[in-house]
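For reference, the chains in residue letters:
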Amino acid sequence: MLDILFEDEHLIIIDKPAGLLVHRTRQAFGEDENALIQLRDQIGSWVAPVHRLDRATSGTLLFAKNEEVLPLLKAQFSDRKVEKNLLMHSARHPFRKRKLHRSSPDQ
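Summarised in this report is the structure supplied together with it. (Residues numbered from 1 in each chain as written. Predicted model: local features only at pLDDT ≥ 70, side-chain atom pairs only at ≥ 80, totals over all residues. Heavy atoms only, no water.)

Here the focus is the overall build of the protein. Looking only at helices and strands, the protein features two helices and four strands. Moving toward the C terminus, one meets the helices and strands of the protein in the order β-β-α-β-β-α. Counting over 107 residues, the protein shows a buried share of 27%. In the protein, the share of contacts with a sequence separation of at least 24, taken over all contacts with a separation of at least 6, comes to 51%. (Helix = DSSP H or I, 4+ residues; strand = E, 2+ residues; numbered from the N terminus. Buried < 20%, exposed > 50% of the residue type's maximum accessible area, 1.4 Å probe, protein only. Contact = heavy atoms within 4.5 Å.)

Okay, structure coming up:
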């Protein structure tokens, strides 16, 4: 079940987990798991993604809930009226400063 972060009569925003496709693609032929189908089945109505996130990326994903609002929302993304803030989290150790050892031309 997908986590719904916001929903009204026009749009719905979910928290897409990493590893999940947004929708079917030719590159992932034969895979049936994707956010579009899961969300449609979860809420029981038509939805369409307004933008995409890479499969490996987790984050908020916006869907239109009707065909009238879809082009309006997509236009806001293409006209760069939507501000995106990206935050990266790493479970590994941060990069540590190391001394670089350069060999001199004489060596």
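So, about the side chain of Lys16. Within the fold, Lys16 resides in strand β2 (residues 11–16). Despite being buried, Lys16 has no salt bridge partner; Asp54 is the closest side chain of opposite charge, sitting 8.4 Å away. One polar contact links the side chain of Lys16 to the main-chain carbonyl oxygen of Arg55, over a distance of 3.3 Å. In contact with Lys16, other than residues within four places in its own chain, are Val22, Leu53, Asp54, Arg55, Thr57, Ser58, Gly59 and Leu61. (Lys, Arg positive; Asp, Glu negative; His and termini not counted. Salt bridge = Lys/Arg side-chain N within 4 Å of Asp/Glu carboxyl O. Polar contact = N/O pair within 3.5 Å; in protein donor to acceptor, adjacent residues only side chain to side chain.)

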